[in-house]
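# Observations on chain architecture
These are the residues of each chain, in order.
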Amino acid sequence: MAQENNLIGQVFNIQRYSTHDGPGIRTTVFLKGCPLRCKWCQNPESQSLHPVLMFRADECTSCGRCIDACPNKANSIVDGKLVIDWERCTACGACTSPAVCLSMTRKVEGKPMTVEEVMKQVSSDYNLYLNSGGGLTISGGDCAVQPEFTAALLKKAQEEGINTCVEITGAYPWGRVQQITEDADYVYYDLKCMDDEKHKEGTGVSNRLILENARKLVEAKKQMLFRTPLIPGFNDDKENIEATASFIKNELGLSPSEHLELLAYNNLGEDKYLRLGFSEPKRHARQSDKYLDELEELVMSF
Ligand code: SF4
Ligand code: SF4
């Protein structure tokens with residue numbers, strides 16, 4: 001076990017008192033890395049397995065102090081404004097110190113942590129989990145990108161009597177999905193779009209493996225909650241929600257009203273794209289409450 005305690009993973013956030021990532025009050029550990037590239041991703045800083053720099057250009061005073069601090073010459077002033085050459089940036093973090101950037105515009109997302117370090121934080125809320133029926137949730141990105149680290153965290157949590165949940169995409173061969181769900185009490189699983197061509201267009205991968213693994217997880221008697229993040233104009237049409245509910249009922253033999261959660265569009269991630277040096281994302285508005293009610297009714301009708 002000492003060896004497993006020392007395993008290192010890339011972690012980008014540990015969120016205590018979480019109430020949306022499984023039953024009760026939980027600690028959600030967000031791991032870096034994802035096999036999908038969803039165009040609407042709310043956490044684009046999670047996609048790369050490696051640390052990434054985020055920069056708030058609107059708070060930059062163009063003082064230029066970060067230019068000398070950077071070992072890779074990634075910063076320069078162009079037309080009076082600080083510009084980052086993202087190809088050169090290795091997210092070393094040298095420019096993020098408050099002693100360099102007095103405006104604190106920079107932050108590196110993602111850092112290596114051992115299983116022991118993560119579990120020390122998770123275990124500190126043990127009584128809260130007991131009283132609320134909560135526990136540990138491992139999310140991402142997709143925690144399947146770091147299977148050994150995820151499996152070691154789950155094993156350790158189970159040994160300590162902490163309830164466990166994983167949030168995964170299912171876009172990996174079954175062996176890996178099995179490895180990271182074996183010690184999970186709950187599996188939260190995205191069904192983003194039933195039309196394979198649209199799924200490829202929106203996420204960069206086919207949904208075939210995802211649907212196949214969903215069947216295998218249900219056969220393995222895992223406690224599943226399927227979730228569909230509703231993206232305007234991509235998958236929030238009634239046809240897709242009907243197809244998703246039908247898959248859950250007819251192919252998996254589960255009740256959609258109990259096993260499918262629709263997540264209204266959340267635009268909180270949109271500003272992150274520019275901070276990461278990505279191009280401007282397509283911006284959307286949240287669905288109306290009336291339309292969300294109609295979709296819920298559709299799910300309940302199955
Ligand atoms: S994180 Fe490191 S490499 Fe990137 S801009 Fe800052 S100092 Fe340069
Ligand atoms: S040190 Fe901070 S405020 Fe100054 S130019 Fe660099 S990013 Fe902008």
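Residues numbered from 1 in each chain as written. Chains lettered and ligands numbered in written order. Predicted model: local features only at pLDDT ≥ 70, side-chain atom pairs only at ≥ 80, totals over all residues. Heavy atoms only, no water.

For clarity, the cut-off: UniProt positions are given in the numbering used here, feature names are shortened, and annotations may be inferred rather than shown by experiment.
Looking at an unreviewed UniProt entry, the protein carries the name Glycyl-radical enzyme activating protein family, with the source organism given as Oleidesulfovibrio alaskensis. For the record of the protein, the UniProt heading Sequence similarities (unreviewed entry) holds the text "Belongs to the organic radical-activating enzymes family." Here the protein is described in UniProt, under the heading Subunit (unreviewed entry), as follows: "Monomer."

### So, the environment of Cys89
Our working definition: Segments assigned H or I by DSSP are reported as helices when at least four residues long, segments assigned E as strands when at least two residues long, and all are numbered from the N terminus. Exposure classes here rest on a 1.4 Å probe applied to the protein chains alone. A residue is buried below 20% of its type maximum, exposed above 50%, and partly exposed in between. For this analysis, residues touch if any pair of their heavy atoms sits within 4.5 Å.
Structurally, Cys89 is set in the loop between strand S5 (81–84) and strand S6 (106–109). For Cys89, a relative accessible area of 24% puts it in the partly exposed group. Sequence separation of Cys89 and Val100 is 11 residues, and the distance between their C-alpha atoms is 16 Å. If we ignore the near neighbours within four places in the chain, the residues touching Cys89 are Leu53 and Ala74.

### Quick look at empty space enclosed by the protein
Basically, it comes down to this: Cavities and pockets were defined on a 1 Å grid built over protein atoms only: a cavity is a set of grid points that admits a 1.4 Å probe from which the probe cannot escape, a pocket is an open set flanked by protein on both sides within 12 Å along at least five of seven lines, and lining residues are those with an atom within 4 Å of any such point. Grid points are joined across faces, edges and corners, and a volume is the space filled by probe spheres set on the points.
For the structure on display, the rule yields three cavities of 30 Å³ or more. By volume, the largest cavity is sized at about 100 Å³. Lining the largest cavity are 15 residues, with Leu53, Cys70, Cys89, Cys92 and Cys95 positioned closest to its centre. Space inside the second largest cavity adds up to approximately 50 Å³.

### Some points on the environment of Met119
Looking at the element boundaries, Met119 is found in helix H3 (residues 115–123). For the pair Met119 and Lys156, spaced 37 residues apart in sequence, the C-alpha separation works out to 7.7 Å.

### What to know about the site of ligand 2
Defined as follows: Only a single heavy atom is needed: when it lies within 4 Å of a molecule or strand, its residue is near that molecule or strand. In the scheme used here, Gly and all other residues not listed as nonpolar or charged are polar, with Ala, Val, Leu, Ile, Met, Phe, Trp, Tyr, Cys and Pro taken as nonpolar and Asp, Glu, Lys and Arg as charged.
Neighbouring residues of ligand 2: 14 residues in total, closest Cys60, Cys63, Cys66, Cys101 and Arg106. Along the lines of polarity and charge, the residues of the shell around ligand 2 split into seven nonpolar, five polar and two charged.

### Side note on the domain arrangement of the protein
The line we're drawing: Each domain's extent is set by a domain assignment, obtained either automatically or from a database. What counts as buried area is the accessible surface, traced by a 1.4 Å probe, that two parts surrender upon association, with contributions from both included. Put simply, a salt bridge is a Lys or Arg side-chain nitrogen that is within 4 Å of an Asp or Glu carboxyl oxygen. In the analysis that follows, any N or O atom pair within 3.5 Å is treated as a polar contact, provided that within protein one partner can donate a hydrogen and the other can accept it, and provided that, for residues neighboring in sequence, both atoms belong to side chains.
What the domain assignment reports for the protein is domain 1 (2–48 + 111–300) and domain 2 (52–107). In this complex, domain 1 contributes seven residues to the contact, which on the side of domain 2 involves six residues. Each partner contributes to the roughly 610 Å² buried at the junction of domain 1 and domain 2, and carbon and sulfur atoms together form 66% of this total. One can count zero salt bridges joining domain 1 with domain 2. Where domain 1 touches domain 2, the interface holds one residue pair in polar contact (both at pLDDT 80 or more). Within the side of domain 1 that touches domain 2, the residues separate by chemical class into one nonpolar, two polar and four charged.

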